[in-house]
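What follows is the residue order along each chain.
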Amino acid sequence: MSSHDHQPPPPAAPLGPTAVKLRLAMYVALAVLVALNLFILPHEPHFGIDGWPGFWAAFGVVVAMGLGRLAKGAAHTFLGQDEDFYQRREPKPAPAEPVAAAHGAHGHGGH
Amino acid sequence: MSDFLHPSLFFLACAGLVWLLPGRLGRWLPPLAGALAILAVLSMRHGDYAHFRYLGLDLGAGRVDALAVVFAHVFAIQALIGFIYALHVEDKWQHMAACLYIAGAFGCLFANDFVVLFIGWELMSVSSTFLVWLRRCPASTGAGIRYFLFHTLGGLCVLAGLLLRHQALGTWAFTAIDPASAQYFDYLIMVGFCVNAAVIPLHAWLPDAYPEATVTGAVFMSAFTTKTAVYVLARGFAGFEILGIMGTLMTLYGVFYATIENNARRILAYHIVSQVGYMVAGIGIGTAMTINGACAHAYAHILYKGLLFMGAGALLFSAGTAKLNELGGLFKRMPWVFYLYMVAAVSISGFPLFSGFVSKTMTITGAAESHHAWLALGMEIAAVGTFLSVGIKLPFFAWFGGPDKGLELKPVPWNMYLGMGLGAFLCFWIGIQPGFLYHLLPNPVEYVPYTPWHVLQALLLLGFTGLGFYILRVRMTPEAKINLDFDYFYRLVGRGFLAICRVPVAALDDWWTEFYARAGLKGMLGAAAVTAWFDKAAIDGVVDGTALGVRRVGQGATLAQTGRLQDYLAAAVVVGLAIFALVWFWG
């Protein structure tokens with residue numbers, strides 16, 4: 001079963017210079033969005049706390065990480081199977097009966 | 001031009017012509033049928049058309065109203081885009097199957113009664129099965145058979161429901177059903193519709209079959225089957241609370257599986273379940289805004305989901321695989337497929353300036369404003385999962401995610417780029433001109449998508465989803481696995497049936513063979529000897545030609561017994577259509 005042979009993922013490869021710059025740009029953009037959220041707020045919050053500044057930022061990152069971990073955890077414990085899982089469970093076809101024997105068994109010849 | 005020209009006619013005629021012409025010529029006709037269908041939809045006026053009397057029933061195939069037109073509009077556009085994308089395909093059977101499939105979808109859209117609806121419904125079921133089988137590999141054959149059996153089951157639910165409904169109410173009319181007075185036969189019809197809408201747990205045929213369909217067939221199937229089901233649910237079952245709950249569960253279930261799947265087309269298939277969930281939820285909540293949201297989302301979804309399948313199909317066509325663990329690092333060699341795919345990815349994720357933003361937020365806001373805040377919250381969670389899996393994970397691991405693995409790539413034909421380009425343009429156009437879509441919707445639109453808060457909320461949600469992926473990117477690496485779903489249980493039922501055939505039925509067969517060999521065969525040989533004597537003595541010379549004729553018929557019948565279910569199904573459809581034509585002509 002595949003669920004028992006899961007190996008922990010290897011560590012992330014170090015980022016190149018372009019990727020480092022992109023990561024910095026992402027952090028700056030996210031900070032700007034949170035700063036804007038201090039001034040721009042929802043018209044009608046539906047749960048109360050969804051009107052707080054930063055709620056939807058926290059919601060995004062928490063749900064993304066929670067979903068990723070939950071789904072991957074389920075895949076590694078009981079959902080994930082080898083790609084040939086269903087093929088291996090198919091019933092094997094019965095061995096073909098030799099034509100001559102089958103012909104003879106019915107006891108009638110050609111004409 | 002007439003006030004109503006049924007678009008199905010173009011596709012039915014096209015299927016016939018494609019059959020007659022060689023594949024190289026015939027493939028140019030379907031885009032023409034798509035263009036004519038667009039003209040027909042643009043020129044039709046609201047009203048009831050195409051009434052006819054058949055087998056003693058008064059039927060109608062031309063109900064044109066706002067709800068039908070919004071779907072017909074996008075069906076025609078996507079038919080044209082899909083056939084342009086498929087222009088390089090020389091297998092005429094694929095074009096014929098797609099034409100018949102789309103004809104069936106339009107038949108359902110304009111059906112005024114359950115009888116016409118059912119004919120279109122079944123035409124879609126049979127022809128779309130061929131879009132799976134025509135990939136011509138063992139995996140697609142198996143998936144196609146499962147797909148067909150499941151849709152047959154759904155079709156039987158619809159058939160039983162409509163017959164019982166007629167028995168009880170004396171009408172075939174397909175009109176809105178009041179949730180307060182719905183009867184068991186109405187729920188039977190709803191279950192049949194829910195099969196095609198991929199409502200969980202009736203959904204597993206979709207991620208099973210779509211990844212195994214032909215490259216171009218999956219593009220068509222992503223547009224028509226589930227959205228026709230959304231249309232009939234909106235027409236008949238708006239306001240059924242159970243649909244609101246099941247729809248929200250679908251949005252979550254689909255993204256959960258999309259997060260862990262490895263095959264790009266299966267990720268997209270699970271995302272259909274999720275996205276159709278928004279529509280089913282909007283219909284179930286049943287307010288004017290959520291019904292509008294469901295229709296708007298269906299319109300936007302058909303375009304961006306078609307584009308996503310076109311992008312993943314281009315990967316499969318070019319690299320020979322759609323498995324993310326086998327892809328990676330393709331950006332430098334397939335940049336335009338990536339850019340076009342990303343237009344659809346940001347559209348489905350609901351980024352401002354793209355189509356999903358103006359449609360998805362309408363359903364969520366409608367749910368929240370109608371005091372279904374928990375359903376709205378579920379849909380927001382699904383929005384995060386959508387961007388995580390389709391917007392980031394899939395493109396990251398297909399086009400980036402490490403060095404180029406050196407796969408040999410087949411050039412992507414120009415027509416595939418053109419189809420994707422048209423889809424991308426419309427995703428962007430609807431995003432910046434939402435009025436283009438909103439003026440088609442069945443109810444007056446009061447929703448304003450571009451407010452500072454809506455834009456900021458979308459950017460916050462999606463931006464921080466990106467941060468979550470960045471933190472988890474190693475853990476999210478795709479693996480060469482499949483994930484168990486409800487089809488595990490379908491297959492158990494299938495294996496159980498086979499076991500019944502293998503043990504008791506096989507024993508009965510063995511007994512009968514033995515009995516036949518001992519008793520029946522001897523009796524027949526004796527009778528044969530008598531008739532042989534009679535034949536020689538009396539008949540020879542009179543009807544010698546009969547024997548020759550019988551032998552020829554026998555040879556023909558032998559050739560027809562190929563043992564392949566798809567051949568028998570095609571023959572059944574041809575015979576059915578012939579009987580239909582004869583009854584029509586003389587009836």
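These numbers come from a predicted model, not from an experiment.

> So what about the overall build of chain B? Which residues, and what values?
When helices and strands are tallied, chain B shows 22 helices and three strands. Whereas a compact globule of 587 residues would reach a radius of gyration of roughly 25 Å, chain B reaches 26 Å, a difference of no more than 12%. Projecting the C-alpha coordinates of chain B onto the three principal axes gives extents of approximately 100 × 60 × 50 Å. For chain B, the residues scored as buried account for 54% of the 587 residues in total. Look at the contacts in chain B between residues 6 or more apart in sequence, and 82% of them connect residues 24 or more apart.

> Describe the overall build of chain A, naming the residues involved and giving the relevant values.
Summing up its helical and strand segments, chain A has four helices and one strand in all. Helices and strands in chain A line up, N terminus first, as α-α-β-α-α. Sorting the 111 residues of chain A into buried and exposed places 16% on the buried side.

> Can you lay out the domain arrangement of chain B for me, pointing to particular residues and giving the numbers?
Frequently, the measure chosen for interface size is the accessible area removed from exposure when the parts meet. The domain architecture assigned to chain B consists of domain 1 (238–485) and domain 2 (551–587). Each of domain 1 of chain B and domain 2 of chain B has a C-alpha centre, and these two points are 43 Å apart.

> Break down the pairing of strand 2 (residues 57–64) of chain B for me, citing the residues and quoting the values.
Residue and element names in this part refer to chain B. Note that strand 1 (residues 47–54) and strand 2 share seven bridges and pair antiparallel. When the bridges of strand 2 are listed, F52 appears paired with L59. Linking strand 1 back to strand 2 in an antiparallel pair, the connection comprises two residues, with L55 at a positive phi of about 55 degrees.

> Requested: an account of unusual backbone geometry, with residues and values cited.
Residue and element names in this part refer to chain B. Following I200, the chain continues to P201 via a peptide bond in cis, the omega torsion being 5 degrees. The backbone of L55 shows a phi angle near 55 degrees, a positive value even though the residue is not glycine. Counting through the fold element by element, L55 comes out in the loop between strand 1 and strand 2. At R136, a residue that is not glycine, the phi angle is positive and equals roughly 55 degrees. By secondary structure assignment, the location of R136 is in the loop between helix 6 (114–133) and helix 7 (138–169).

> Tell me about the environment of L407 of chain B, and name the residues and values.
Among the structural elements, L407 of chain B can be located in the loop between helix 16 (373–399) and helix 17 (414–432). Between the alpha carbons of L407 of chain B and T152 of chain B there is a distance of 40 Å; along the sequence they are 255 residues apart.

> I'd like a description of helix 10 (residues 215–236) of chain B, backed by residues and values.
All names here are of chain B. Relative to the 32 Å expected for 22 residues at 1.5 Å per residue, helix 10 spans 33 Å between its end C-alpha atoms, a close match to the ideal helical length. The principal kink in helix 10, of about 35 degrees, is found at M221. Counting buried positions along helix 10 gives 22 out of 22 residues, so the element sits mostly inside the fold.

> Any chance you could break down the confidence of the model for chain B for me, citing the residues and the numbers?
Summarising the model, chain B shows a mean pLDDT of 90, and 94% of its residues fall at 70 or more. The ipTM, which scores confidence in the relative placement of chains, is 0.81 for this predicted complex, and the corresponding pTM is 0.85.

> Break down the packing of helix 11 (residues 241–260) of chain B against helix 16 of chain B for me, citing the residues and quoting the values.
Residue and element names in this part refer to chain B. The contact between helix 11 and helix 16 brings their axes to 9 Å, and the two run at 25 degrees. One element, helix 11, and the other, helix 16, form an angle in the roughly parallel class. The hand of the helix 11/helix 16 crossing is left-handed. Across the interface between the two elements, G244, T248, T251, L252, V255, F256, A258 and T259 of helix 11 pack against L375, G378, M379, I381, A382, G385, T386, L388, S389 and V390 of helix 16. Of the residues belonging to the contact of helix 11 with helix 16, the class tally is 10 nonpolar, eight polar and no charged.

> Tell me about the interface of chain A and chain B, residues and numbers included.
Of the residues lining the interface, 40 residues belong to chain A; the matching set on chain B comes to 41 residues. Those elements that provide at least two residues to the side of chain A that touches chain B are helix 1 (17–37), helix 2 (55–79), strand 1 (80–82) and helix 3 (85–89) of chain A. For the side of chain A that touches chain B, the element with the most residues is helix 2 of chain A, which contributes 14 residues. Each residue belonging to the side of chain A that touches chain B can be placed in one class, and the counts come to 26 nonpolar, 11 polar and three charged. In the sheet, strand 1 of chain A pairs with strand 3 (residues 481–483) of chain B via three bridges, with the strands oriented antiparallel. Across the sheet, Q81 of chain A pairs through a bridge with I482 of chain B, a residue of strand 3 of chain B.

> So what's going on with the confidence of the model for chain A? Which residues, and what values?
Residues and elements named next belong to chain A. Of the residues in chain A, 68% reach a pLDDT of 70 or more, and the chain-wide mean stands at 78. Considering each helix and strand of chain A separately, the mean pLDDT is smallest for helix 4 (residues 99–105), with a value of 45, and largest for helix 2, with 93. Considering only residues more than four positions removed or in separate chains, one finds that residues 100–111, a stretch of pLDDT under 50, has four contacts.

> Give a detailed account of the nonpolar core, specifying residues and quantitative values.
Core analysis: the biggest nonpolar cluster contains 216 residues, and C99, V230, L233, V280, L307 and L308 of chain B have the highest contact counts within it. Looking at this core element by element, the count peaks at 21 residues for helix 13 (residues 288–319) of chain B.

> Describe the packing of helix 4 (residues 66–85) of chain B against helix 10 of chain B, with residues and values.
Between two packed helices, what matters for the description is the angle formed by their axes and the separation of those axes. All names here are of chain B. Where helix 4 meets helix 10, the closest approach of the two axes is 10 Å, and the angle between their N-to-C directions is 175 degrees. One finds that helix 4 runs roughly antiparallel with respect to helix 10. Residue-level inspection shows L67, F71, F75, Q78, G82 and Y85 of helix 4 in contact with helix 10, the latter providing T216, V219, F220, A223, F224, K227, Y231, A234 and R235. Broken down by class, the residue content of the contact of helix 4 with helix 10 amounts to 10 nonpolar, three polar and two charged.

> Break down the environment of H46 of chain B for me, citing the residues and quoting the values.
Residues and elements named next belong to chain B. Of note, H46 is situated in the loop between helix 3 (29–43) and strand 1. On the neighbour-count criterion, H46 (12 C-beta atoms within 10 Å) is exposed. Look past the residues within four positions of H46 in its chain and what remains in contact with it is V64 and D65.

> Outline the environment of A373 of chain B, supporting the account with residue identities and numerical values.
Along the polypeptide, A373 of chain B turns up in helix 16. Setting aside residues up to four positions removed in sequence, A373 of chain B forms contacts with H46 and F47 of chain A together with A368 of chain B.

Procedures and definitions
Throughout this description, residue numbers start from 1 for each chain and increase along the sequence as written. The naming scheme follows written order: chains are lettered A onward, ligands numbered 1 onward. For this predicted model, a pLDDT threshold of at least 70 governs which residues receive local features, and a threshold of 80 or more governs which side-chain atom pairs are given and counted, while totals over whole chains, interfaces and linings are taken from all residues. Note on conventions: DSSP H or I runs of at least 4 residues are helices, E runs of at least 2 residues are strands, and numbering of each starts at the N terminus. Computation of the radius of gyration draws on C-alpha atoms, with the globule rule given as 2.2 Å multiplied by the number of residues to the power 0.38. With C-beta atoms placed from the backbone, a residue is buried if 20 or more other C-beta atoms are within 10 Å of its own, exposed if 12 or fewer are, and partly exposed between those counts. We call two residues in contact when the distance between their C-beta atoms, placed using the backbone, is within 7 Å. The source of the domain bounds is an automatic or database domain assignment. Strand pairing is assigned whenever DSSP detects at least two bridges linking the two strands. Expected helix span is given by 1.5 Å per residue-to-residue step, counting one fewer step than there are residues. A residue's bend is simply the angle between two axes: one fitted to the seven residues ending at it, one to the seven starting at it. Looking at any residue, its pLDDT shows the predictor's confidence there, from 0 to 100. The convention used is that axes are lines fitted to C-alpha atoms, helices contributing only their stretch in contact, and that angles between N-to-C directions extend from 0 to 180 degrees. Every angle not falling under 35 degrees, over 145, or within 65 to 115 is termed oblique; those three ranges are roughly parallel, roughly antiparallel and roughly perpendicular. If you view the pair so one helix is near and one far, a crossing is left-handed when the near helix is turned anticlockwise from the far one by less than a right angle, and right-handed when it is turned clockwise. Side-chain classes follow a simple rule in which Ala, Val, Leu, Ile, Met, Phe, Trp, Tyr, Cys and Pro form the nonpolar group, Asp, Glu, Lys and Arg form the charged group, and the remainder, Gly included, forms the polar group. Any set of buried Ala, Val, Leu, Ile, Met, Phe, Trp, Tyr and Cys residues joined through C-beta atoms within 7 Å is what this text calls a nonpolar core.

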